[in-house]
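# Remarks on the overall topology
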Amino acid sequence: MALAGDAERARASSPGATSDRRGDCRDAFGPVPLEGAGRAELMSSTVHWIAAKISEPGVGDAFAGVFSDAVSDPALREILSARLQDPYRLTLQDALGEPESRVLFFIDVVVGTLLHRMGMTGEPMSDPDVAALVDMVLPHFTDALRPT
């Protein structure tokens, strides 16, 4: 799996030496499907896509291990940000017309919740719970409730 391999390469190399391999993680997961007629549908499909990816065998484990290592490894954090998160963040920023801080918050809440569930139970979040997560997150990001 590319994510685990990227983490090992990140730990073993300097930040400058990995810039030529940008995109490995994105290649492993594919592009985020921007599906839906409006903002709520697009965000809902994104949450379901992220949940499905984290549910794939080994993916949740790889995320958890890499994130745990990144807490004390600034170089690994930079690589994770640039090669894993930023391509998806930028895509969502463009699609949603939101600033970086709000898209990062969306990513933090969704991915963090999904990984927490997997870490605490050893199982991916169930479909009904993913639907409930969508129901909880969407109101914060819909146009009607956006902060002014």
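You'll find the structure just up there.
The text that follows walks through the structure, step by step, so that each part is easy to find. Worth saying up front: this structure is predicted, and the values here are computed from it rather than measured.

What follows deals with the side chain of E98. Among the secondary structure elements, E98 is positioned in the loop between α5 (74–96) and α6 (100–121). One polar contact links E98 to R102, side chain to side chain, over a distance of 2.9 Å.

Moving on to the environment of L114. Along the chain, L114 turns up in helix α6. Considering only alpha carbons, one finds L114 and A52, 62 residues apart in sequence, at a separation of 10.0 Å. Dropping the residues within four chain positions of it, L114 is found in contact with I50, A51, I54, M125, V130 and L133.

Attention shifts here to the layout of surface pockets. If you roll a probe as big as a water molecule over the atoms, it shows you where there is empty space left. Taken as a whole, the largest pocket encloses approximately 510 Å³ of empty space. Together, 23 residues line the largest pocket, and F67, L84, Q85, I107 and V111 are the ones closest to its centre. Elements with a contribution of two residues or more to the lining of the largest pocket: α3 (39–55), α4 (59–70), α5 and α6. For the lining of the largest pocket, the leading source of residues is α5, giving 7 residues. Here the residues of the lining of the largest pocket are counted per class, giving 16 nonpolar, 4 polar and 3 charged.

Charged atoms that come close allow side chains of opposite charge to pair. Across all of its chains, the model carries 6 salt bridges by this definition. The shortest N-O distance in the salt bridge between D86 and R89 comes to 3.3 Å. Here D86 and its partner R89 are both found in helix α5, 3 residues apart, which amounts to about one turn of the helix. In terms of burial, D86 and R89 fall into one category: buried.

How each quantity is defined
Throughout, residues of each chain are indexed from 1 in the direction in which the sequence is written. In keeping with the predicted nature of the model, local features appear solely for residues at pLDDT of at least 70, side-chain atom pairs appear and are counted solely at 80 or more, and the whole-chain, interface and lining totals rest on all residues. Water and hydrogen atoms play no part in the side-chain values, which are based on all heavy atoms of the structure. Put simply, DSSP marks the helices as runs of H or I at least four residues long and the strands as runs of E at least two long, and each gets a number from the N terminus on. Polar contact criterion, stated in full: a pair of N or O atoms within 3.5 Å, where within protein one must be able to donate a hydrogen and the other to accept it, and residues adjacent in sequence count only if both atoms are side-chain atoms. Any two residues whose heavy atoms approach within 4.5 Å at even a single point are treated as in contact. Of the two site types, the cavity is a set of points on a 1 Å grid over the protein atoms alone where a 1.4 Å probe fits but cannot get out, and the pocket is an open set with protein on both sides within 12 Å along at least five of seven lines, each lined by residues with an atom within 4 Å of a point. Grid points are joined across faces, edges and corners, and a volume is the space filled by probe spheres set on the points. Note on residue classes: Ala, Val, Leu, Ile, Met, Phe, Trp, Tyr, Cys and Pro are nonpolar, Asp, Glu, Lys and Arg are charged, and everything else, Gly too, is polar. Salt bridge criterion: a side-chain nitrogen from Lys or Arg within 4 Å of a carboxyl oxygen from Asp or Glu. The classification of residues rests on relative accessible area computed with a 1.4 Å probe and restricted to protein chains. Under 20% of the type maximum is buried, over 50% is exposed, and intermediate values are partly exposed.

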